[in-house]
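A structural walkthrough
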Amino acid sequence: MATVVFERVSKSFGRVRAVDELSFTIREGTILGLLGPNGSGKSTMLKLIAGLYRPDAGRVTIDGQEPSPKTKAMVAYLPEIDYLYGWMTVRQTLEYVSAFYADWDRERAEGLLKFMGLDPEARVSRLSKGMRARLKILLAMSRSAPVVLLDEPLSGIDPTSRSRVLRAIVSEFRADSQTVVMSTHDVVESEALFDEVLFLKDGRVALTGEAERLREERGKSIQELFEEVFG
Amino acid sequence: MQLRLDQHSPIYQQIIDEFKRAIARGELKPGDRIPSQRELASMVQVNPNTVQRAYREMEQLGITETLRGQGTFVTQDAGLVDSVRREMAERALVSFVQEMNALGYGCEEMVELVRETYRRVLAAQGGESDGDGGV
Amino acid sequence: MWWQQYKKELMSHRGEILLIAGALVVWTAFLLSRLDVWLPQVVAGTYWVPMGFLPLWALWTSVQLYRQEWRENTAYLMLSLPARAWVITSAKLAALLTAVVGFVLLIAAGGWLVLSRTGVLEALAASPEFAMIPREWMVKMALFAGAVMLAGFAAVALAAQFAYVFSRLFSRFRGLVMVWTWILLVWLVGRVSELGWLLLGWLPDIYVRSLHIVFGIPEFALVKIESGPIVAVALFFGGLYTLLNAMLERAVEV
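What you see is a predicted model; the values in this text were computed from it and never measured.

Here we come to empty space enclosed by the protein. Evaluated as defined, the whole model comprises four cavities of 30 Å³ or more. By volume, the largest cavity is sized at about 140 Å³. Residue lining of the largest cavity: 16 residues in total, with A:Ala76, A:Tyr77, A:Tyr83, A:Tyr101 and A:Arg143 positioned closest to the centre. Contributions of two or more residues to the lining of the largest cavity are made by strand 5 (75–78) and helix 5 (129–141) of chain A together with helix 5 (75–80) of chain C. When the residues that make up the lining of the largest cavity are grouped by side-chain class, the tally is 12 nonpolar, one polar and three charged. Looking at the second largest cavity, the residues that line it are A:Pro69, A:Lys72, C:Met78, C:Leu79, C:Leu81, C:Ala83, C:Arg84, C:Ala85, C:Ile88, C:Leu248 and C:Glu249. Elements represented by at least two residues in the lining of the second largest cavity include exactly helix 2 (69–72) of chain A together with helix 5, helix 6 (85–118) and helix 11 (227–250) of chain C. Per-class residue counts for the lining of the second largest cavity are eight nonpolar, no polar and three charged.

Given below as structure tokens:
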């Protein structure tokens, strides 16, 4: 397990402050829902943890260490865009990616391959959008990575694929050894997944807390709270 | 198990209620095995930690018991079904009375209306006393 | 891990590599078909022209090996892998050099074919001077030339890699930054070798035996090569490579 900490982190792109003096500690062994409209800084937060962006100010640490090849070995990162090599087949992609990770679980990968209905011989560039999303979640969940970062894993895909992706997250999540951070702007479908939620607005924390406690205290679903904060 | 979560109230509470309802209706009997936490989480696509919390509380409430290596079972306790049934009835009654009271009905009127509605509903359903799905 | 990365780099450019190999074969076949039309010397001379494009191709492809990762968003995967930067950079360099060696061997094989068909090779082999050249020396010189060529290609590729990755540190005018970095590097190599000549003169020099045939008598002469500039330039490229890895590991973003 690993603790991810943001200490007064800022990151700008030109004049836009994507993340603005953000401080936050992600609790171990939980699924955190990173919620907010487009451009609220969700994706930037995940890239900062994955080491694909470097903070302008402040510090992001994973178990006390700033992103490096060592922390990258602890992180499974699923970006929103298509980041796989189109010319590879599904099987080749698995072979290539798994070569880099000591925590790759071959059995789990084979199980997920079947569950997702992915053809191992299909070329990645020929896969439908839903199938590509399934392959991405397979790659993220076939490892026993202490930190799993899922950037909009459900966006723009068909209902069957969405349901498969959600199911894969729930069934492969190991609460005793993993921390999952999942960003989404579509709360309805995924809110039952979250232990905690973090509402981001203009790169700052607008609201955060345990999902169940928020429901109990406010008598509202996370979706309704979302509309309240961003509506 | 089908769970229609409304997400306005804590999900772990709804899971517990769903089990209680199933026990009260006799869909789950004392000694029956219930799904493992992982199975249920995957089935209803709910956070495993939430399911764990629901199971922990059900065990504390004496509704279920976990036998090491065998799984989780509905408690073998004759009084359980009655007490759960009673609790569910109580809850339904409280919300019924509150609602009717707010509509301006007194006790006698309520009782009279209940009797009338009971007869009509039973006649329409041909003897079935409940209509909801559940477990 | 390294092997997978190397394989991936080669495979991702396999189309282009096969295309060039095919073009070289066609080029050889075309010149062989000109044998009866053109003068043999012209055919034998023209044949080597593609060799001149090879450094340009190496330069372009070194940049492409990185540029493509960003253009096709696979940089997200490349930069999230838990590999040290040298695994990525050396795999890309090795893949490029593999292709270069392949092309050179292909050109050499074709060259042998063309030369033997034009009769140039036969004439050479029949000459009395040729018989005087020790075989051992010939093999040594061929290996020496090969090593120098490979080092040259590696230097070109490394400088190109560096220029591109350095340009990624900027959010605008990347093309300009890359070209200027490249020009600056070429200039720097010149300065560094001068500096090496001045400061590292105390290093033992390298001697290469050169062969002269005077009036039908083979004579060896020792040619002195200053090792100072070579060592300085080698150190410079070592530093450049370290810096390249540091940039990729610590500074570059998707």
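Residue and element names in this part refer to chain B. Of all residues in chain B, 90% attain a pLDDT of 70 or more, and the chain-wide mean is 86. Considering each helix and strand of chain B separately, the mean pLDDT is smallest for helix 4 (residues 78–103), with a value of 89, and largest for helix 3 (residues 48–60), with 94. In the model, residues 131–135 has pLDDT below 50 throughout and makes 14 contacts with residues more than four positions away in sequence or in other chains.

For the rest of this paragraph, the subject is the interface of chain C and chain A. Contact with chain C, which involves 27 residues of that partner, is made by 24 residues of chain A. For the chain C and chain A pair, buried surface summed over both sides reaches about 2,500 Å², with 63% attributable to carbon and sulfur atoms. Of all residues in chain C, the largest losses of buried area upon contact with chain A belong to C:Tyr76, C:Leu77 and C:Pro82, amounting jointly to 25% of the total for that side. The residue C:Glu253 makes a salt bridge to A:Lys11 at a minimum N-O spacing of 2.7 Å.

For the rest of this paragraph, the subject is a nonpolar patch on the surface. All names here are of chain C. On the surface, a cluster of nonpolar side chains totalling about 450 Å² of accessible area is made up of Phe-30, Val-37, Trp-38, Leu-39 and Val-42. As for its placement among the helices and strands, Phe-30 is situated in helix 2 (residues 14–33). According to the relative accessible area criterion, Phe-30 is partly exposed, its value standing at 36%.

Scoring rules and cut-offs
- Residues numbered from 1 in each chain as written.
- Chains lettered and ligands numbered in written order.
- Predicted model: local features only at pLDDT ≥ 70, side-chain atom pairs only at ≥ 80, totals over all residues.
- Heavy atoms only, no water.
- 1 Å grid on protein atoms, 1.4 Å probe; cavity = no way out; pocket = protein on both sides within 12 Å on 5 of 7 lines; lining within 4 Å.
- Points joined across faces, edges and corners; volume = space filled by probe spheres on them.
- Helix = DSSP H or I, 4+ residues; strand = E, 2+ residues; numbered from the N terminus.
- Nonpolar A, V, L, I, M, F, W, Y, C, P; charged D, E, K, R; others polar.
- pLDDT = per-residue confidence, 0-100.
- Contact = heavy atoms within 4.5 Å.
- Buried area = accessible area lost by both parts, 1.4 Å probe.
- Salt bridge = Lys/Arg side-chain N within 4 Å of Asp/Glu carboxyl O.
- Patch = residues over 30% accessible without salt bridge, like charges linked within 9 Å, V, L, I, M, F, W, Y side chains within 5 Å.
- Areas by Shrake-Rupley, 256 points an atom, 1.4 Å probe, with all protein chains shown as cover.
- Buried < 20%, exposed > 50% of the residue type's maximum accessible area, 1.4 Å probe, protein only.

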